[in-house]
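In case you want the letters, here they are:
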Amino acid sequence: MKVLVIGGGGREHALAWKLAQSPKVQMVFVAPGNGGTASDKRLHNLPITDMGELCAWASHEKIGLTVVGPEVPLAAGVVDSFRAAGLRIFGPTQAAAQLESSKAFSKAFMQRHAIPTAAFATFNQPADAHAYVDAQGAPIVVKADGLAAGKGVVVAETLAQAHAAIDFMLGGNSPAPLAGEGQSRVVIEEFLEGEEASFIVICDGKHVVPLATSQDHKRLRDGDQGPNTGGMGAYSPAPVVTPAVHARAMREVILPTIRGMEQDGIPFSGFLYAGLMIDAQGGVKTLEFNCRMGDPETQPIMMRLKSDLLDVLYAASEAGGLNPELNLQWDRRTALGVVMAAHGYPEKVRTGDAIHGLPPEEEGAVVFHAGTTLQDGVLRSSGGRVLCVTALADSVKAAQQRAYRVASGIGFEGAHMRHDIGHRAIKA
Ligand code: AMP
Ligand code: GLY
C-alpha cells in the first residue's frame, strides 16, 4: 500500500518512520516533509502544500491511506475533501476538529457533557472581560478563541497581566489584535494547579484505543522557566499517569468525549489528545483538546510502539472499524526526546544554519527532524524546532543520559536545548 503523511514537522517524521516499518507499506510519501524525511530511503517527500492539489494527486496515485499530522489542514477540512473524493484518510472532519480549533466550542462541549475542566466564561466585549477578571482575581488564565500556534494562552499571575492579555486578544487598546476585530472571542478560566500530562488516544468515531502516556515540556528554559513554546522535549511513559489516573482519564474525559461527539452528530475520528491537569489527589481536569498527535510527544511514543501503526490507523479510518479490545504493544523501556531549537526560538527564529554531526540511526536512538531542509546535499535549519533527539533506555534517567549523549555530538550555530527533559519523573 502507498501511504501519505501530511505535514513536515518532527511529529510527521516520526509517524512516517513508524508507518514505513509496516510490511504492508510499499512507500510513504510525506507532503511536504523535511530534511529528515528527504534523507530516509523508505520515505519520499512531495512538494505539495495545496490541499486540493494533494487530494487530486492522492487519487491519481491510488494512495491507500492518508494520515494528517498538523491541526491547520484538519481545521480547514482536509478530511472532508479527501473523503468526498473517495479516499481513505485518518483524522477528524472539519466539524470535529473544532474541539481544538475553537476554545469556545470545546469549553461549551465539556460543560454540556459534564467533562471535568476549569471553570470559565466566554467574552467578545472587552469591558465585560475586564470586569470578569476584576471580580475573579488573579491568577487567572486568558485564552484566545481559535488556533494561535501556542501563542493564544496567557497564564496571568497578576490582574494587570490579565487586562493586558484581554486588550491584546480583543483589540481594546491594541493596534494589532490577534484575531479579526469584532469577531474575536476570549475564554477566561480558573487557574488550575497540578502536573500536566498528554493523554492521546486513537478513535474511529465510536471506539477508542489509548496510546502510551507522555509528558511535554512547554517552557523554553530549564526548570520550566521562560516563554511557552511548541514543546522542548517529551518522554513516555509519564509516571504521573498512574493506573488509577489512567482509569479516571478514560472514564471521565475520553469516553464521555467520544460519546458526546457522537450524540452531537459530529463523531470524532482521528488522534484525540487531551491535555490533562492532574492534582495531588489524582483528580483529572481537561486543559485543552487537540485533534492530532502532540509534537514532540509523537517522537518518544512512536519509538515505543511495537504494534503495526498502519493496521491500527487503517482500521480506525472507518467508523466502527477499530477493535476496542485491541491492546497496542509497547516497548517497556522509557523513550525521551530532547528538542534542539534554532537561534532566537520561539520569538525570532533564524534559519539556514548548517547542521553537523548527525549520527546514523541506531537501535533505540533516532534523531527525528522538524525544521530542516536538505539543500545541495547540506542539511540546514529551516524552522524553530530543528531536531528531536530521541532515545530508549531502562529508566527515565538512563534515557535522558542517552538522548543528551547523542545530542552532544550534533551542532549548528545558535542551537538551544533544555538540559532537564524528564525532570519531573526523576527523583532527586
Ligand atoms: P493550552 O493551549 O490551553 O493547553 O494552554 C497552554 C498551557 O497553558 C498549558 O499547557 C498549561 O501549562 C497552561 N494552562 C492552560 N490553561 C490553564 C489553566 N486553566 N490553569 C493553569 N494553567 C493553564
Ligand atoms: N506538545 C504539545 C502539542 O503538540 O500541542
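Residues numbered from 1 in each chain as written. Chains lettered and ligands numbered in written order. Predicted model: local features only at pLDDT ≥ 70, side-chain atom pairs only at ≥ 80, totals over all residues. Heavy atoms only, no water.

Any chance you could break down the sheet that holds strand E2 (residues 27-32) for me, citing the residues and the numbers?
Taken together, five strands build an open sheet; the order of strands is E3-E2-E1-E4-E5 and the sheet is parallel. Looking at which strands have only one partner, the edges of the open sheet turn out to be strand E3 (43-45) and strand E5 (89-90). Across two bridges, the pairing between strand E4 (residues 65-68) and E5 is parallel. Each bridged residue has a counterpart across the sheet, and for valine 67 the counterpart in E5 is phenylalanine 90. Against the sheet, helix H3 (residues 51-61) touches strand E1 (2-7) and E2, its axis set at about 170° to E1. (Pairing = 2+ DSSP bridges. Helix = DSSP H or I, 4+ residues; strand = E, 2+ residues; numbered from the N terminus. Contact = heavy atoms within 4.5 Å. Axes fitted to C-alpha atoms, helices over the stretch in contact; angles between N-to-C directions.)

Got a sec to walk through the site of ligand 1? Specific residues and values, please.
Around ligand 1 lies a shell of 15 residues, among which Lys143, Glu189, Glu190, Leu192 and Glu196 are the nearest. With respect to ligand 1, the backbone of glutamate 190 contributes an N or O atom lying 2.8 Å from a nitrogen atom. Take lysine 218: an N or O atom from its side chain is 2.9 Å from an oxygen atom of ligand 1. Protein contacts shield 89% of the accessible area of ligand 1, which totals 470 Å² for the unbound molecule. (Near = heavy atom within 4 Å. Polar contact = N/O pair within 3.5 Å; in protein donor to acceptor, adjacent residues only side chain to side chain. Areas by Shrake-Rupley, 256 points an atom, 1.4 Å probe, with all protein chains shown as cover.)

Which residues make up the site of ligand 2, and what are the values?
The immediate surroundings of ligand 2 are formed by Asp216, Gly230, Tyr273, Asn290, Arg292, Gly294, Asp295, Pro296 and Glu297. Between ligand 2 and the protein, one listed contact pairs a nitrogen atom with a backbone N or O atom of glycine 230 at 3.5 Å. Burial of ligand 2 by the protein amounts to 90% of the accessible area it has alone, namely 200 Å².

Explain the sheet that holds strand E9 (residues 186-190) to me, using residue names and the numbers behind them.
Strands sit in the order E6-E9-E7-E8 across an open sheet of four strands; the sheet is antiparallel. Lying at the two open borders of the sheet, with one neighbouring strand each, are strand E6 (120-123) and strand E8 (153-156). Strand-to-strand, the axes of this sheet are offset by a mean angle of 20°, without reference to chain direction. Pairing between E6 and E9: four bridges, direction antiparallel. Each bridged residue has a counterpart across the sheet, and for phenylalanine 120 the counterpart in E9 is glutamate 189. On top of the sheet, helix H8 (residues 126-136) reaches E6, strand E7 (140-144) and E9; it is set at about 160° to E6, its chief contact.

Go over the confidence of the model for the chain with me, naming the residues and quoting the values.
Here the chain shows a mean pLDDT of 94. Residues at 70 or above account for 96%. In the model, residues 173-182 has pLDDT below 50 throughout and makes 17 contacts with residues more than four positions away in sequence or in other chains. (pLDDT = per-residue confidence, 0-100.)

Lay out the nonpolar core in plain terms, naming residues and giving numbers.
Grouped together as the largest cluster of nonpolar side chains are 49 residues, with contacts concentrated most on Leu4, Phe82, Phe199, Ile254, Phe268 and Leu272. Of the residues forming this core, the biggest block, seven residues, is contributed by helix H10 (residues 243-263). Excluding its chain neighbours within four sequence positions, the residues that come into contact with leucine 272 are Leu99, Phe199, Ile200, Val201, Cys203, Ile254, Thr257, Ile258, Phe289 and Asn290. The next biggest cluster of nonpolar side chains, apart from the first, holds 37 residues, and it includes Val25, Leu211, Leu313 and Leu392. (Core = buried A, V, L, I, M, F, W, Y, C linked by side-chain atoms within 4.5 Å. Buried < 20%, exposed > 50% of the residue type's maximum accessible area, 1.4 Å probe, protein only.)

Describe the pattern of salt bridges, with residues and values.
What the rule picks out here adds up to 24 salt bridges. A salt bridge links glutamate 12 to arginine 11, with the shortest nitrogen-to-oxygen separation between them at 2.8 Å. Assessed through its relative accessible area of 7%, arginine 11 is described here as buried. Each of Asp224, Arg418, Asp420 and Arg424 takes part in a single network of salt bridges with overlapping partners. (Salt bridge = Lys/Arg side-chain N within 4 Å of Asp/Glu carboxyl O.)

Which residues make up unusual backbone geometry, and what values do they have?
Between alanine 31 and the following residue, proline 32, the backbone shows a cis peptide bond with an omega angle of 5°. Within the fold, proline 32 resides in strand E2. Of note in this structure, lysine 62 is not a glycine but carries a positive phi near 55°. Within the secondary structure, lysine 62 is located in the loop between H3 and E4. For lysine 62, a relative accessible area of 67% translates into the label exposed.

Account for the packing of H8 against helix H9 (residues 159-170), naming residues and giving values.
With their axes 10 Å apart at the nearest point, H8 and H9 run at an angle of 160° to one another. As far as their axial angle goes, H9 and H8 are roughly antiparallel. Considering only the axes of H8 and H9, their crossing is right-handed. Across the interface between the two elements, Pro126, Ala129, His130, Val133 and Asp134 of H8 pack against Leu159, Ala162, His163, Ile166, Asp167 and Leu170 of H9. Looking at the contact of H8 with H9, its residues break down into seven nonpolar, two polar and two charged. (Parallel < 35°, antiparallel > 145°, perpendicular 65-115°, else oblique. Left-handed = near helix turned anticlockwise from the far one by under 90°. Nonpolar A, V, L, I, M, F, W, Y, C, P; charged D, E, K, R; others polar.)

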